[in-house]
Structure formats: structure tokens, C-alpha cells
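Residues per chain are reported as follows:
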Amino acid sequence: MKLDNAMIVAAQPEAAEVGAEILARGGNAIDAAIACALVQGVVDPQMSGLGGFGHMQVYMPDRGVHEVLEFYARAGSAVTEDMWLPLMSGQSRDGFAFLLDDHRNEIGYQAVCTPGSVKGYAQALSRYGTFDWRDVIAPAIDQARRGFMVRPHVYSYWCLDQQAAGQVNTRDKLALTATGRRVYFNTDGSLKKPGQIITNPDLTRTLERLAEEGPESFYTGAIAREIASDMAAQGGFITLQDLADYRVEVTQPLWGSYRGYTIATTPPPSSGLAMLELLHILENFPLGTLRHGSVEHLRLLAEAMKRMTIDKDRYMGDPAYVEVPVKMLVGKAYAAQQADAIRAGQRATVIRPDNGTCRDTTHVSVVDRDGNAVALTHTLGSPSGAITEGLGFMYNGTMSRFDPRPGRAASIAPGKRRASSAAPTIVFREGKPFVVIGAPGGSYIAPSMAQGIMNIIDFNMSMLEAVSAPRVVAVSDALDVSNRILRSVTDALTQEGYDVRRAWQSYAFAALHGIRIDGGRCNGGADPQRDGMAISV
């Protein structure tokens, strides 16, 4: 399938530009995605990076390839299932994180799971790409040498006040280590502000070492030894053997359909399953005949989302450790039962320990002229604040996503993958890619992704319109709405008994970045709530 243009969409302009340059040099979608991802870790270092993890969906029609690469973070071998049970104090309102009295699963070395990003990037490149490792890491090295300008979204994330919600502020995580204080703060102790340049010489040297020594250094070489030594000294759970044993997994997409379009997404432990369940429920209602953002539209979204959330809380976990009833949850018969309950006026109730929320991830969507497509979502899960002196990158804080209560789908276990909120997705029309889409945004990803897809299919929006339209989420017992939802609508829903909570943001709830292909031409849309862009090549 030859296309008139190639397209890349990412949440950071510097990273999108690098991916576009790779495409212009003749690289394929995978080359561009990995080069872009490496730069994202430099210019948005609390969203992703060498200490993170992720997964990607790869479609290459000429090679007959359609696969998912999973490089999730894994709990260290030293963890035990009940080690934090006495410390549990609650759960974020959206279900994203579990909270402990002393926050050790949010900040510091015990919050860290074995990172998978370096191995994931390298394996994707060797399996599907055309450029070599040194070539795709070179732009990240160059960007790190030059530093990056603090952008509005980066700064706003650093300044989030999570204390009232019982969580650790990002600012405190940035200040945890000597490296963090050198890199992210001015000499007077103030956070660097939009427009200031961030330089991180240690990260530059680590990227240079990875270029010279190869990605295996991170898992079995000198870098691995430095990581393991620091983890041991600081009481972390990751060992040198955990790094050496880390493996990327290759699996098949999870399939669903919506109004005649086929949808390929990522299987458990990702949230592709939840997104498909939501779409399958809402397929039973004629959404396209409703006014977008109307009372009836939002009521249907809320009830379907709450049912999706109840199932996600109950069943979602690492399939290697727990049985996830995938066939039932994506089944059209089960979706029809849920739809019948909604029609009958039955209100769903989401019950969980209530508290605040904190999310961070990033995404890149790419389509090249040969029709190869990549949807890559990668993340720190939540930044831990931990940075090994001399290495420069922040580790993920994914232990906060494990349930401290034993015997549950998300309970702690050595080597276990925590369920991922991400859902990089490709929608097919008549057997050809039509939409390539993904998003950062924690528990808001699945409902936001579903809304983006429905905006295109039900409301015939362009990609930019689809990612920009006002959204709502109901991943707790409340209905959270964008500030651009009409107040007359939310007043009516409140009168019906819904707990409606209006966001202060005009563009809220995950951040969709996608490409729509029509008539052999790609058109992209970058969600306005982030600082990204879409570039045609």
C-alpha cells in the first residue's frame, strides 16, 4: 500500500521533528518511532526515558507483519506479596495508583520496577527497522548535548500539587537526588521555568555509552552493574540478575470491531481490552444520531465507562499470574447485556478507596509511505525520583501500581507486570489501516481512546477534530468533564443524580495523538493539551 505522504505525530515538537527527519532520510516507520522515542526521553524526562517501559503495535503489510512488542516493567525478584499491606492508605480516584502511608511505592528506589525501554527500543529496531542502533540514538545524544527548553506542559506537570490527594508532588521527586537538584532547579532552589534550558551531562554520557557499548550494556554490562549496585545500596528491589533476565515479549494484537471497522489493539496487561469492551458496549447505541456532548451522549458514555472500569478493577492483571477473561470481556454478547442494563436505567457503581490521581506517559504514532504503521506508548508509569549518580535518567515508579492486598489481580509478585493503562491501536477499514492512534494519560487512556475513535466513526471528525473535541471520563463513581462541556448539560446530569466534576482544563483526560488515512493520504492530529505536533513528510 503506497501512500502520498508519511506522517508522524508526537507529544513533543523536538521528538516529532527528529522522527520526520528519519522518514525524510528514507527510514521506515519503526526507525522514526524509535528515534523519536529516544528523544522523548530527553525532552520530557518524567514522561518516558531509559528507566521506563512500554509497548508498541507494528504493522508492515509488505512483510506480512502485524505484532505487538511488550517491554513492560517487572517487579524485582526481592518483592513479596504482602510486604506493604500494613502501610496501605488508599487508592487514587481513577484507580491508577495505590497509596501507602510513607509513600515508599511512589518515591525512591523501592518504587522502581525493572526497566524495559532500552531493550524494547533495540529489539524493535533490529526486528523491524532499517537503520542501525547508533544512527537512531544519535539525535537523542545531540539533543541531550544541546539541552531542551522547558515547555508549558513539562512545567505544569512539575508543579502539580498532589498533597491534598495524599500523593507525592513531582517537585519533591525532582529534588530527591543530587542529580535531580542539579538538573531541574536553579541555584536559588526554584524550579526551572518555561523558556529555561535543561542540560543533563550525565544523561548525555549514558546515551553516548549506549551508542558505543550497545543496548546490552544496560542489562548485562557496565551500566547494569552500576544500576544494580545503586539499587542494593538504596534498598531497591532490582538485582543484576533481574536485569540480565529481562526479556521483551512479542505477541499478537487483540481484535475487536466497531460498526464494521476492525480494531487491533494491545492485549492484557494493557488497557486495549478495556477500550474494546467500552466500544462494544456503545456499539449498541446510535451515537451518531445524538448531538456530540449532549445529555444523552454523556449519560451513555458515563454508564458504559463505569461498567468498563468495574471489570478492569476486578479482572485486569498480568496474564502470566492471573486469569483474565478476555473472551468474555470483548464478547459482543457480554456487551449487549451491559447495554441492556443501561437501557433499563440501571446505574453502575464504582467502589474503591478514594483519593487523588497522578499520571504520566507519552506516545508516538507513525505511518510511512509504504504503509508501515507504528503506535508506540512508553512511560515511567510515574516517576520515582530515583536517579543513579552518573547515569542521569530517572527510574520508573511502577511499584505504586501494584495492589498491596494479596490475592487480587493486581497484587505484588516477583517478576510480575503491572497492568498498563496504555492502548496503542490501529483501526482498519476494508482491511487497510484507517486510524493509528494512542495516548498518554493513565486510567483516562482507554475511555479517551474510545471517544477519539467514536468521534471519527460516529461523528465523521477529522483527526485533529477528533483529538480536540471535549471529552468526559467516568473511571470512578464520578463523571469528570472537560471545562468545554456545556454547563446546561452538566446541570441536567447533576439533576439526574450524577456526581459531575468539572475539570479546570479546557483540554482534559489523556492526550490523543493519531493519524487518519483517507484516499492514500495521511492527516494527523496532536492533542492541544500537550505541546506536540503532527508533521507530514
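On a predicted model such as this, the values are computed, not experimentally measured, just so you know.

(A) Just the overall build of the protein chain, in detail. Looking only at helices and strands, the protein chain has 18 helices and 22 strands in total. Computed over the C-alpha atoms, the radius of gyration of the protein chain is 22 Å, within 12% of the 24 Å expected from 2.2 N^0.38 for a compact globule of 537 residues. C-alpha atoms of the protein chain, sized along the principal axes, occupy 60 × 60 × 45 Å. Split into buried and exposed, the 537 residues of the protein chain put 65% on the buried side.

(B) Looking closely at the UniProt feature "active site" (unreviewed entry) in the protein chain. Under the UniProt annotation, "active site" (unreviewed entry) lies at Thr361. Checked against the element boundaries, Thr361 lands in the loop between helix H15 (332-343) and strand E11 (362-367). For Thr361, the contacting residues outside a window of four places in its chain are Met47, Thr377, His378, Thr379, Pro440, Gly441 and Arg530. At 3.0 Å, the side chain of Thr361 forms a polar contact with the side chain of Thr379.

(C) Examining helix H16 (residues 445-457) more closely. Taking 1.5 Å per residue as the helical rise, H16 with its 13 residues ought to reach 18 Å, and the 18 Å between its terminal C-alpha atoms agrees with that figure. Summarising burial for H16: 13 of the 13 residues are buried, a large majority.

(D) Quick look at the packing of aromatic side chains. Applying the stated criterion across every chain yields a total of twelve aromatic pairs. Note on Trp84 and Phe237: the rings are 6.0 Å apart at their centroids and 55° apart in plane angle, and the pair reads as tilted. Taken together, the residues span a long stretch of sequence, with Trp84 in the loop between strand E3 (65-71) and strand E4 (88-91) and Phe237 in the loop between helix H10 (222-234) and helix H11 (240-245) at a distance of 153 residues. Assessed through its relative accessible area of 9%, Phe237 is described here as buried. On the numbers, 5.3 Å between centres and 85° between planes, the contact of Tyr444 with Phe509 is edge-to-face. Taken together, the residues span a long stretch of sequence, with Tyr444 in the loop between strand E16 (432-438) and H16 and Phe509 in the loop between strand E19 (500-502) and strand E20 (513-518) at a distance of 65 residues. Phe509 gets classed as buried once you look at its relative accessible area, which sits at 7%.

(E) The domain arrangement of the protein chain, seen in detail. Taken domain by domain, the protein chain comprises domain 1 (45-52 + 71-250 + 377-417) and domain 2 (252-356 + 422-455 + 467-513). The C-alpha-based centres of domain 1 and domain 2 are spaced at 28 Å. Of the residues lining the interface, 25 residues belong to domain 1; the matching set on domain 2 comes to 27 residues. Contact between domain 1 and domain 2 buries roughly 2000 Å² in total, counting both sides, with carbon and sulfur atoms accounting for 50%. The interface formed by domain 1 and domain 2 contains one salt bridge. One salt bridge in this structure joins Arg417 and Asp318, with 2.8 Å as the shortest N-O distance.

(F) Examining helix H4 (residues 133-146) more closely. When the terminal C-alpha atoms of H4 are compared, their 21 Å separation across 14 residues agrees well with the 20 Å that a helix rising 1.5 Å per residue should span. At Pro139, H4 shows its maximal bend, which comes to roughly 25°. For H4, every residue scored as buried is listed here: Trp133, Val136, Ile137, Pro139, Ala140, Ile141, Gln143 and Ala144. Looking at the buried positions of H4, the neighbouring elements they touch are helix H1 (13-24), helix H2 (29-43), helix H3 (117-128), strand E6 (148-149) and helix H8 (201-213).

(G) View of the side chain of Ser117. Counting through the fold element by element, Ser117 comes out in helix H3. In this structure, Ser117 is in contact with Gly49, Leu50, Gly52, Phe53, Gly54, Phe71 and Tyr219, ignoring residues within four places of it in sequence.

(H) Representation of the packing of helix H13 (residues 295-315) against helix H18 (residues 487-495) in the model. Where H13 contacts H18, the axes come no closer than 9 Å and their chain directions differ by 55°. In terms of orientation, H13 lies oblique with respect to H18. Crossing handedness for the pair H13 and H18: right-handed. For the pair formed by H13 and H18, the contact residues are Val295, Leu298 and Arg299 on the first element and Val489, Ala492 and Leu493 on the second.

(I) Fine view of the pattern of salt bridges. If you walk through the whole model with that rule in mind, you get 32 salt bridges. In this structure, the salt-bridge partner of Arg146 is Asp142, at a minimum N-O distance of 3.0 Å. Separated by four residues within a single helix, Arg146 and Asp142 lie in helix H4, roughly one turn from each other. For Asp142, a relative accessible area of 36% corresponds to the partly exposed category. The network of salt bridges with shared partners includes Glu70, Arg74, Glu249, Asp318 and Arg417.

(J) Local environment of the sheet that holds strand E17 (residues 472-473). Strand order across the open sheet formed by three strands is E17-E18-E19, with mixed pairing between neighbours. Every other strand in the sheet has two partners, leaving E17 and E19 as the edge strands with one partner each. Pairing geometry for E17 and strand E18 (residues 479-481), over two bridges, is antiparallel. Directly across from Val472, in E18, lies its bridge partner Val481. Across the sheet, H18 lies against E18 and E19, angled at about 150° from E19, the strand it touches most.

What counts as what
Every chain is numbered on its own, with residues counted from 1 as its sequence reads. With the structure being a predicted model, the display of local features is reserved for residues of pLDDT at least 70 and the display and counting of side-chain atom pairs for 80 or more, all residues being used for whole-chain, interface and lining totals. With hydrogens and water set aside, each side-chain value is computed from the structure's full complement of heavy atoms. The helix count covers DSSP runs of H or I at least four residues long, the strand count covers runs of E at least two residues long, and both are numbered beginning at the N terminus. The quantity called the radius of gyration is restricted to C-alpha atoms. Its globule counterpart is 2.2 Å times the number of residues to the power 0.38. Buried residues are those whose accessible area, probed at 1.4 Å on protein chains only, stays under 20% of the maximum for their type, while exposed residues exceed 50% and partly exposed ones sit between those limits. UniProt positions are given in the numbering used here, feature names are shortened, and annotations may be inferred rather than shown by experiment. The contact definition used throughout considers only heavy atoms, calling two residues in contact when any of these lie within 4.5 Å. N or O atoms within 3.5 Å of each other form a polar contact, as long as, within protein, one can give a hydrogen and the other can take it, and as long as residues adjacent in sequence are counted only when both atoms are side-chain atoms. A helix is expected to span 1.5 Å multiplied by its residue count minus one. Each Phe, Tyr or Trp ring (for Trp, its six-membered ring) is paired with any other whose centre lies within 6.5 Å, and the angle between the two planes then decides the class: stacked below 30 degrees, edge-to-face above 60, tilted in between. An automatic or database domain assignment supplies the start and end points of every domain. Defined in terms of a 1.4 Å probe, buried area is the accessible area two parts forfeit on being brought together, summed over both. The working definition used for a salt bridge is a side-chain nitrogen of Lys or Arg within 4 Å of a carboxyl oxygen of Asp or Glu. The angle separating two fitted axes, one through the seven residues that finish at a residue and one through the seven that start at it, defines the bend at that residue. Note on method: axes are straight lines fitted to C-alpha atoms, helices fitted across the in-contact stretch only, with angles between N-to-C directions ranging 0 to 180 degrees. Here the angle decides the label: under 35 degrees means roughly parallel, over 145 means roughly antiparallel, 65 to 115 means roughly perpendicular, and every other value means oblique. Helix crossings are classified by the rotation of the near helix relative to the far one: an anticlockwise turn of less than a right angle makes the crossing left-handed, while a clockwise turn makes it right-handed. In this analysis, strands are considered paired if DSSP registers two or more bridges between them.

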